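The primary structure of each chain is shown beneath.
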Amino acid sequence: MIVCKFGGSSVADAKQIQKVKSIVDADPQREIVIVSAPGKRTRDDEKVTDMLYACNALVQQGQSCRELFKKVAVRYTNILAELGMDAKPFVAILEEVRQMIDAGHGAEYAASRGEYLAARMVSTYFGWTFLDTDPLIVIKDDGTVHEETYNNLKKVLKKGTKYIVPGFYGCDSEGKVKTFSRGGSDITGAILARAAEAQTYENWTDVSGVFSVDPRLVEQAKVIKTMTYREVRELAGVGAGVFHEEAIAPVIASKIPINVKNTNAPLDAGTMIVTSREIDGHPLAGVSAKAGYSRLSLRKLMLFKKSGIRHALLTMLHIFGVRPSFSLFGVDSIVWFFETTQASESVLNAMCQRIKSEFALDSIAIDHGHAVVGIVGAGVMGEPGLIAKSTTALAHDSITLNFFNYGSSDTSILLGVSADQAQAAVKSLYNALFA
Ligand code: ASP
């Protein structure tokens, strides 16, 4: 059996939902379908999820979301009407949701209703069973999936029954609605695939697979035919879109292959994501960049004479909400890169003062506007001349490197550049290594 997840663009309007139905009808093995909330129909359109967050923001400011919620309701009632369905019974469900948001159930509850309503609507249209993920999918405080989720799902899933399941949310250990991070319906799909012991997890989106480089940057970008779980995770980790980086975790142990496919071009093969692949002639999978990092640089003579200093410093960073993503260690220095959104300027100033005095540092500095570029591929370690080619290309295009990370993963090389040079770096590396 096959578990399919359809993203926001695949359920954005009635025409798209009809495409979903014909895809699902084409293979009786497609027995479980996970849906996102309706996404953008055009470039300037709004995602239902964004509107729901905005509804909650109004409520937090002491206002009613009644007016704004009308826009949400219209998205669903229009779809129902265009599908030739009776929208009336749905109006009561929409009103119930609006009242709950107005009653202050919070951002995660509000956002989760996009998927909830989409799944209810699609289940009626398909005549399939609606399976709510609250309270079956239990999400831990750190956003990862609680193991009991799989027992919960196994208990309720019946062979031969076809299910429509809302993506993106479950509940916390107290039973309160909790969402994954944005784009998290991919994770729900992977959870259902594992629980139902699916043969394949199909992830349907609006492009024909994972690209080796962002097609908005490089016109001739190609879809990757086969890639490993590790490659997709590392590529997503450095900003490549399409597939949520945390959605690999549930399927990796059971080795369920993931097929990323295009709802608008269902005959395209898409990308297969599997445990391992042949390297022959294709050491690399892709190149991508992620901006939004800040750099913390510390210096102290004989820094590492004091045992446990790294641990103590990290504990201090955690107290201020800073969790570094990348580290570099010198003779008397440490550099950490962290996501800029983790702390405000005033929190960072307070953190620097505290660390400087408590650890008697010679210097401490933070600067912003960094990006990390990843060259990703199962064959990066065995490819002679790869580093020379990469750095030559960057030097040729006058791109300065801030750090270089080779050997910490056998599937990627990470390079630090300034955020304003990130796109140029990706193009330069793609041309040198892939074209
Ligand atoms: N609707 C949610 C979002 O916009 C989750 C998803 O689409 O996967 O992030």
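Numbering of residues begins from 1 in every chain and follows the order in which that chain's sequence is written. Reporting in this predicted model follows two pLDDT cut-offs: at least 70 for local features of residues, and 80 or more for side-chain atom pairs to be given and counted; totals over whole chains, interfaces and linings ignore these cut-offs and use all residues. Where side-chain values are given, they derive from all heavy atoms of the structure, hydrogens and water being excluded.

Peer 1: How would you summarise helix α2 (residues 48-60) if you had to cite specific residues and measurements?
Peer 2: Here a helix means four or more residues in a row that DSSP labels H or I, a strand means two or more in a row labelled E, and each is numbered from the N terminus. What a helix is expected to span follows from its residue count: subtract one and scale by 1.5 Å. The terminal C-alpha atoms of α2, which comprises 13 residues, lie 19 Å apart, in line with the 18 Å expected from a rise of 1.5 Å per residue. For the exposure calls, accessible area comes from a 1.4 Å probe over protein chains only, and a residue counts as buried if that area is under 20% of its type's maximum, exposed if over 50%, partly exposed in between. Turning to α2, its buried residues are V48, T49, M51, L52, C55, N56 and V59. Down the axis of α2, the smallest arc covering the buried residues is 160 degrees, so these residues share one side. Whether two residues are in contact is decided by their heavy atoms: any pair within 4.5 Å suffices. Buried residues along α2 sit in contact with α3 (66-82), α4 (88-102) and α5 (107-126). Immediately downstream of α2, the backbone of G62 shows phi near 85 degrees, a positive value. What the arc describes is the spread of directions from the helix axis to the C-beta atoms.

Peer 1: If you had to explain the packing of α3 against α4 to someone new, which residues and values would you point to?
Peer 2: As a packed pair, α3 and α4 sit with axes 10 Å apart at the nearest point and diverge in direction by 155 degrees. Viewed along their axes, α3 and α4 adopt a mutual orientation that is roughly antiparallel. Handedness of the α3/α4 crossing: right-handed. Two secondary-structure elements touch here, α3 through R66, F69, A73, Y76, T77 and L80 and α4 through F90, V91, L94, V97, R98, I101 and D102. An axis is simply a line fitted to the C-alpha atoms; with a helix, the fit covers only the stretch in contact. Between two such axes, the angle follows the N-to-C directions and lies from 0 to 180 degrees. Roughly parallel means an angle under 35 degrees; roughly antiparallel, over 145; roughly perpendicular, 65 to 115; everything else is oblique. A clockwise turn of the near helix away from the far one marks a right-handed crossing, whereas an anticlockwise turn of less than a right angle marks a left-handed crossing.

Peer 1: Any chance you could break down the sheet that holds strand β2 (residues 30-35) for me, citing the residues and the numbers?
Peer 2: Two strands are counted as paired when DSSP detects at least two bridges linking them. Strand order in the open sheet made by the eight strands is β3-β4-β2-β1-β7-β9-β10-β8, with mixed pairing throughout. The open sheet is flanked by β3 (129-130) and β8 (226-228), the only strands paired with a single partner.

Peer 1: Account for the pairing of strand β16 (residues 412-418), with residues named and values stated.
Peer 2: Remark: a regular strand shows side chains that alternate across the two faces of the sheet. Within β16, six of the seven residues are buried, which leaves the element mostly enclosed by the surrounding structure. Where strand β14 (residues 363-376) and β16 come together, seven bridges link them in antiparallel fashion. Bridge assignment links I375 to a residue of β16, and that residue is I413. By the bridge criterion, four bridges tie strand β15 (residues 403-406) to β16 in an arrangement that is antiparallel. Of the residues in β16, the one forming a bridge with N405 is L414. Adjacent in sequence and paired antiparallel, β15 and β16 are bridged by five residues, among which G407 carries a positive phi angle near 105 degrees.

Peer 1: Let's hear about a nonpolar patch on the surface: which residues, and what values?
Peer 2: Residues enter patches when their relative accessible area tops 30% and they take part in no salt bridge; the joining distance is 9 Å for like charges and 5 Å for the nonpolar side chains Val, Leu, Ile, Met, Phe, Trp and Tyr. Throughout, the Shrake-Rupley method with a 1.4 Å probe supplies accessible areas, and for residues the shown protein chains are the sole cover considered. Each reported salt bridge corresponds to a side-chain nitrogen of Lys or Arg within 4 Å of a carboxyl oxygen of Asp or Glu. Together, M381, L401, F404 and Y406 make up a nonpolar patch on the protein surface, roughly 320 Å² of accessible area in all. Considering the arrangement of structural elements, one finds F404 in strand β15.

Peer 1: Describe the site of the ligand, listing the residues and the values that go with them.
Peer 2: We define proximity as follows: a residue is near a molecule or strand when any one of its heavy atoms falls within 4 Å of that partner. Within the structure, the ligand sits among S36, T49, E115, F168, R182, G183, G184 and S185. Nitrogen and oxygen atoms within 3.5 Å of one another constitute a polar contact, given that in protein one can donate a hydrogen and the other can accept it, and given that sequence-neighbouring residues count only through two side-chain atoms. One nitrogen or oxygen atom from the side chain of S36 is found 3.2 Å from an oxygen atom belonging to the ligand. Interatomic distance of 2.8 Å between a side-chain N/O atom of T49 and a nitrogen atom of the ligand. Contact with the protein chains hides 91% of the accessible area of the ligand, taken as 260 Å² for the molecule alone. Any residue that is not Ala, Val, Leu, Ile, Met, Phe, Trp, Tyr, Cys, Pro, Asp, Glu, Lys or Arg is counted as polar, Gly included; the first ten are nonpolar and the last four charged. Its residues placed into classes, the shell around the ligand shows one nonpolar, five polar and two charged.

Peer 1: Lay out the sheet that holds β15 with the relevant residues and their values.
Peer 2: Taken in spatial order, the six strands make up an open sheet running β12-β13-β11-β14-β16-β15, and their pairing is antiparallel. Looking at which strands have only one partner, the edges of the open sheet turn out to be β12 (326-329) and β15. Here the average twist between neighbouring strands, direction ignored, is 25 degrees. Sitting on the sheet, helix α8 (residues 229-237) touches β11 (286-299), β14 and β16, and the angle it makes with β11 is about 60 degrees. Each of β11, β12 and β13 (333-339) is contacted by helix α10 (residues 309-319), which is oriented at about 30 degrees to β13, the strand it contacts most.

Peer 1: Explain unusual backbone geometry to me, using residue names and the numbers behind them.
Peer 2: Following D134, the chain continues into P135 via a peptide bond in cis, with omega recorded as 20 degrees. Within the fold, P135 resides in the loop between β3 and α6 (148-156). In the Ramachandran plot, K255 falls in the positive-phi region, its phi being about 55 degrees despite a non-glycine side chain. Look at K255 and you get exposed, because its relative accessible area is 55%. Its identity is not glycine, yet A360 carries a phi of approximately 45 degrees, on the positive side. One can find A360 in the loop between α11 (345-358) and β14.

Peer 1: If you had to explain the nonpolar core to someone new, which residues and values would you point to?
Peer 2: Grouped burial of nonpolar side chains is what soluble globular proteins tend to show. The biggest cluster of nonpolar side chains holds 48 residues, and the ones touching the most others in it are V3, I32, L153, L192 and I258. For this core, the elements supplying multiple residues, two or more each, are β2, α6, β4 (163-166), α7 (185-195), α8, β9 (258-262), β13 and β14. If one sorts the elements of this core by residue count, α7 sits on top with six residues. Apart from the residues within four sequence positions on either side, I32 is in contact with M1, I2, V3, C4, W128, L157, Y163, V165, L192 and A196. Formed by 46 residues, the second largest nonpolar core is a distinct cluster that contains I2, F6, L52 and C65. Put simply, a nonpolar core is a bunch of buried Ala, Val, Leu, Ile, Met, Phe, Trp, Tyr and Cys residues held in one set by side-chain atoms that sit within 4.5 Å of each other.

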